[in-house]
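# Examining the three-dimensional arrangement
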Amino acid sequence: MAMLLGAASTASGGQSVLLSLSGGVHPVFVHGVAGDYEAGVNDFPVTPYHAPAWAGLGLGLNSGRWLFELEARWVAASPVTLEDPSDGDTVSFDASARLVATLGIFFRLLTGGIQPYLGAGGGFDAALAGETQATSSYGYAIIIPAPAFKDRFDPLVQAGGGIFIKLTKALSLRLDGRYVWIFEKPHPVRGVQAGGSLSLSF
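Please read these numbers as outputs of a predicted model, since none were measured by experiment.

Looking now at the overall build of the protein. If you tally the helices and strands in the protein, you get one helix and 12 strands. Listed N to C, the secondary structure of the protein is α-β-β-β-β-β-β-β-β-β-β-β-β in terms of helices and strands. Dimensions of the protein, computed from the C-alpha atoms along their principal axes, are close to 65 × 30 × 25 Å. Of all intrachain contacts in the protein linking residues separated by at least 6 positions in sequence, the fraction that spans at least 24 positions is 63%. When the accessible surface of the protein is split by element, carbon and sulfur atoms take 67% of a total near 10500 Å². Each charge class in the protein was averaged separately, 12 positive and 16 negative side chains, and the resulting centres sit 21 Å apart.

This part is about the layout of surface pockets. To find leftover empty space, a probe the size of one water molecule is rolled over the atoms. Considering only enclosed or pocket space, the second largest pocket measures out at about 300 Å³ in volume. Residue lining of the second largest pocket: 16 residues in total, with S16, N62, R108, K166 and S201 positioned closest to the centre. Among the secondary structure elements, those contributing two or more residues to the lining of the second largest pocket are β1 (15-25) and β10 (153-166). Looking at the lining of the second largest pocket, the element that brings in the most residues is β1, giving three residues. By residue class, the composition of the lining of the second largest pocket is three nonpolar, nine polar and four charged.

Here we take up the pairing of strand β4 (residues 78-83). Alternating residues of β4 divide into S78, V80 and L82, all buried, and P79, T81 and E83, none buried. Sheet topology note: the β4/strand β5 (residues 90-95) ladder contains six bridges and is antiparallel. Looking across to β5, one finds that V80 is bridged to F93. Counted along the chain from β4 to the antiparallel partner β5, the turn is six residues long, and its residue G88 has a positive phi close to 80 degrees.

Averaged over every residue, the pLDDT of the protein is 92; residues scoring 70 or more account for 94%. Segment residues 1-5: pLDDT under 50, and eight contacts once partners within four positions in sequence are set aside and those in other chains are kept. Throughout residues 7-12 the model reports pLDDT below 50, and contacts reaching past four residues in sequence, or to other chains, amount to eight contacts.

In the structure shown here, the tally under the stated rule is one cavity of 30 Å³ or more. For the lining of the largest cavity, the elements supplying multiple residues, two or more each, are β3 (66-75), β11 (171-182) and β12 (189-201). By residue number, the principal contributor to the lining of the largest cavity is β12, which donates five residues. A breakdown of the residues in the lining of the largest cavity according to their chemical character gives two nonpolar, five polar and five charged.

Turning our eyes to something else, we now look at the pairing of strand β2 (residues 53-63). Sheet topology places β1 next to β2; 11 bridges connect them, and they run antiparallel. Looking at the pairing, V25 lines up with A53 of β2. As defined by bridge partners, β2 adjoins β3 across 10 bridges and the pair is classed as antiparallel. Bridge pairing links G60 to E69 in β3. Between the end of β2 and the start of β3, which pair antiparallel, lie two residues, with G64 showing a positive phi angle near 65 degrees.

Reading guide: rules and limits
- Residues numbered from 1 in each chain as written.
- Predicted model: local features only at pLDDT ≥ 70, side-chain atom pairs only at ≥ 80, totals over all residues.
- Heavy atoms only, no water.
- Helix = DSSP H or I, 4+ residues; strand = E, 2+ residues; numbered from the N terminus.
- Contact = heavy atoms within 4.5 Å.
- Areas by Shrake-Rupley, 256 points an atom, 1.4 Å probe, with all protein chains shown as cover.
- Lys, Arg positive; Asp, Glu negative; His and termini not counted.
- Charge placed at Lys NZ, Arg CZ, Asp CG, Glu CD.
- 1 Å grid on protein atoms, 1.4 Å probe; cavity = no way out; pocket = protein on both sides within 12 Å on 5 of 7 lines; lining within 4 Å.
- Points joined across faces, edges and corners; volume = space filled by probe spheres on them.
- Nonpolar A, V, L, I, M, F, W, Y, C, P; charged D, E, K, R; others polar.
- Buried < 20%, exposed > 50% of the residue type's maximum accessible area, 1.4 Å probe, protein only.
- Pairing = 2+ DSSP bridges.
- pLDDT = per-residue confidence, 0-100.

What follows is the structure, given as structure tokens:
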């Protein structure tokens, strides 16, 4: 972050700090494959589509048309139903909440009252999961242990765009959408994050 801020300090145009309070939805696409099924070890290998809500806080530096931004987003737990591909047994529980932290670079295509932009960034995704217990539709007790600390963190990249709509000189409404790729093992997790925020420049 310090390196980016240092680079931004040499850019042309005025500078200001941007504080954004955000919220939205994070659709997560189906991930995992039935071929990874292993009885007693990985009975429910495919996680279906789900769309948890998220809330976040961003702190950035505006430098001319450029925005360098550090963001933290909390993704809420979300209900999912998993299926055992061997016998059709199902189990329902809440997919764990997650914390996403990213550093992004964005470029405004226009200046003025309406400012569309494009950008990309990277960071990490952290699972906030504890042990999960549930009963399957066939009456079996299903226990999913909490992941080890080292297995909670996965790198991610994202790219997308949005628009700033100036409400006052300092306050803007921001609409934003991003494609997110989480490098979880053994299969990556893909999804999108869409939402809006109020952004204050000072």
